[in-house]
Amino acid sequence: MSEALLAAQAPEAPASGASGARQFWRRLRTRRAALVAAAVVALLVLVALAAPLLTAIEGQDPTTYHPSLVDSARGGVPIGSFGGVSGDHWLGVEPQTGRDLFARLVYGARVSLGVALAATTVQVVLGVVVGVTAALGNRWVDQLLSRVTDIIVAMPLIIMALALLAVVPAGFPRPVLVSLIIGFVAWGTIGKISRAATLSLKNLDHVAAARLSGWSTWRIARRELLPGLAAPVITYAALMVPANISIEASLSFLGVGVKPPTPSWGQMLTSADIWYQAAPQYLLLPAGALFVTVLALTVLGDGIRTALDPRSASRLRAGTGRKQETKAAGATETAKAATAKETSS
């Protein structure tokens, strides 16, 4: 019977997946703020990927010094208006060094976004593996992995990252090191989410049918459980990316993240904190880029969360399709009233 049940369900899987994708896209389209945020994120990723091409068009690079473009008598303030903006330097130059700000900003986007995405990938892989293993293992395995996850969640991320970054040899590639440390220290929450979701999924009928058919635990996890984990994992991962960007910027600002001359938005802020009066654009440009990136990713993550789980209300009120939400809420209330009336009668 279980084999027949599995055989009957198999042909319907692709259609169900396609239908789920269409429903997700239909819900996401009603949230205009999420669509705008997605466009901003796509533009930022495109700028980061095209950084060599953009700087080649400008004719600059992020590491070349231009001492002739700064006024040494005034402490290294850029010569010219708006921080030395010109046809050769589209956003001006860096105080003291004269390095091109546009080149450093677009190359900094590669580092900041790359570190955040790599760290999120490590967190997702570790969290899902540990969470699924804990939920499918015996009582001792579950207890051990759950306690390890609790310890990881309780660890102060910044302090642990500071300690680990201080003891690693200086020759190790810094962006890779920052990504690995953030990923290995901050996977606990997604591990808990994966464990809870797996405990709910493994009691469903199709999982029980697969178990009765003699499928191995690995095959059940891969074919039956991981597709069910996609929604909560994608939702949380979308919200982890802006948090990881902020963590990378904080570590670079504290001087233990990405090291010069590699440009990073956080590392640029570290050098700019004493120039906010003499050359404000040196501080405002990386700070504005960080603000826009984190805001766009947060709005997009909220839109993905509400599109994947329509029962949860959006935390944002702007651009979330209020008419559709109001209409859906009214239909829900009407259905509840009709059900209550039938029950009472």
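Our structure's up above, just so we're on the same page.
Residues numbered from 1 in each chain as written. Predicted model: local features only at pLDDT ≥ 70, side-chain atom pairs only at ≥ 80, totals over all residues. Heavy atoms only, no water.

A. Region of the structure containing the overall build of the protein chain. When helices and strands are tallied, the protein chain shows 14 helices and two strands. Per-residue burial over the protein chain gives 39% buried out of 345 residues. Excluding contacts between residues fewer than 6 apart, the proportion of contacts in the protein chain whose partners are at least 24 apart in sequence is 72%. Approximately 18,400 Å² of the protein chain is accessible, and the part contributed by carbon and sulfur atoms is 67%. (Helix = DSSP H or I, 4+ residues; strand = E, 2+ residues; numbered from the N terminus. Buried < 20%, exposed > 50% of the residue type's maximum accessible area, 1.4 Å probe, protein only. Contact = heavy atoms within 4.5 Å. Areas by Shrake-Rupley, 256 points an atom, 1.4 Å probe, with all protein chains shown as cover.)

B. Inspection of the packing of helix 5 (residues 101-136) against helix 9 (residues 188-201) at higher detail. Between helix 5 and helix 9, the shortest axis-to-axis distance is 7 Å and the interhelical angle comes to 40°. With respect to their mutual orientation, helix 5 and helix 9 come out oblique. As helix 5 runs across helix 9, the sense of the crossing is right-handed. Every residue of helix 9 that contacts helix 5 at Gln123, Val124, Gly127, Val128, Gly131, Val132, Ala134, Ala135 and Leu136 is listed here: Ile190, Gly191, Ser194, Arg195, Thr198 and Leu199. (Axes fitted to C-alpha atoms, helices over the stretch in contact; angles between N-to-C directions. Parallel < 35°, antiparallel > 145°, perpendicular 65-115°, else oblique. Left-handed = near helix turned anticlockwise from the far one by under 90°.)

C. Region of the structure containing the pattern of salt bridges. As enumerated under the stated definition, the model contains five salt bridges in all. For Arg99, the salt bridge goes to Glu94, with nearest N and O atoms at 2.7 Å. Neither residue differs from the other here; Arg99 and Glu94 are each classed as buried. Across the salt bridge formed by Asp150 and Lys192, the nearest N and O atoms sit 2.5 Å from each other. Highlighted residues: Asp150 in helix 6 (residues 139-154) and Lys192 in helix 9, separated in sequence by 42 residues. On the accessibility criterion, Lys192 (40% relative accessible area) is partly exposed. Salt bridges linked by common partners bring Glu94, Arg99 and Arg104 together as one network. (Salt bridge = Lys/Arg side-chain N within 4 Å of Asp/Glu carboxyl O.)

D. Quick peek at the side chain of Thr97. Residue placement: Thr97 occurs in the loop between strand 2 (77-78) and helix 5. On the accessibility criterion, Thr97 (12% relative accessible area) is buried. Among residues more than four places away in sequence, those in contact with Thr97 are Tyr65, His66 and Pro67.

E. Inspection of the packing of aromatic side chains at higher detail. Within this structure, the stated rule accounts for one aromatic pair. Arranged with centres 5.0 Å apart and planes meeting at 55°, the rings of Trp90 and Phe102 form a pair that is tilted. On the criterion of sequence distance, the pair formed by Trp90 in the loop between strand 2 and helix 5 and Phe102 in helix 5 is long-range, its members being twelve residues apart. Assessed through its relative accessible area of 13%, Phe102 is described here as buried. One Lys or Arg, Arg219, reaches over the ring of Trp215 and ends 4.0 Å from the middle of that ring. (Phe/Tyr/Trp six-rings, centres within 6.5 Å; stacked < 30°, edge-to-face > 60°. Lys NZ or Arg CZ within 6 Å of the ring centre and 35° of its normal.)

F. Structural context of unusual backbone geometry. Phi angles above zero are rare outside glycine, and Gln96 is one such case at about 70°. Within the secondary structure layout, Gln96 lies in the loop between strand 2 and helix 5. Overall, Gln96 belongs to the exposed group, its relative accessible area being 52%.

G. Just helix 5, in detail. Taking 1.5 Å per residue as the helical rise, helix 5 with its 36 residues ought to reach 52 Å, and the 52 Å between its terminal C-alpha atoms agrees with that figure. Its side-chain oxygen at 3.2 Å from the backbone nitrogen of Phe102, Asp100 defines the N-terminal cap of helix 5. (Expected span 1.5 Å × (residues − 1). Polar contact = N/O pair within 3.5 Å; in protein donor to acceptor, adjacent residues only side chain to side chain.)

H. Summary view of a nonpolar patch on the surface. Among the surface-exposed residues, Phe172, Val176, Leu180 and Phe184 lie close enough to one another that they form a single nonpolar patch of about 330 Å² accessible area. Mapped onto the elements, Phe172 comes out in the loop between helix 7 (157-167) and helix 8 (174-185). Given the relative accessible area of 34%, Phe172 is considered partly exposed. (Patch = residues over 30% accessible without salt bridge, like charges linked within 9 Å, V, L, I, M, F, W, Y side chains within 5 Å.)

I. Up close: the nonpolar core. Residues Ile245, Trp265, Tyr282 and Leu290 are the most contacted members of the largest nonpolar core, which totals 28 residues. Of all the secondary structure elements, the ones that give two or more residues to this core are helix 3 (32-49), helix 5, helix 11 (217-253), helix 12 (265-272) and helix 13 (280-308). Considering every element that reaches this core, the biggest residue donor is helix 13, with eight residues. For Leu290, the residues in contact, after removing those within four places along its chain, are Ile245, Ala249, Trp265 and Leu269. Val132, Val207, Leu225 and Leu229 belong to the second-largest nonpolar core, a separate cluster that totals 16 residues. (Core = buried A, V, L, I, M, F, W, Y, C linked by side-chain atoms within 4.5 Å.)

J. View of helix 4 (residues 51-58). Among the residues of helix 4, those classed as buried are Ala51, Thr55 and Glu58. Down the axis of helix 4, the sector holding all buried residues measures 55°, keeping them to one side. Exposed side of helix 4, more than 90 degrees from the buried face: Leu53, Ala56 and Ile57 are the residues found there. Where helix 4 is buried, its residues contact helix 3 and helix 5. Note on helix 4: the residue one or two positions beyond its end, Gly59, has a positive phi of about 85°. (Arc of directions from axis to C-beta.)

K. A look at the environment of Ala296. Position of Ala296 relative to the elements: it lies in helix 13. Ala296 sits 258 residues away from Ala38 along the chain, and the two C-alpha atoms are 7.1 Å apart. Those residues in contact with Ala296 that sit more than four places away from it in its chain are Ala37, Val40 and Val41.

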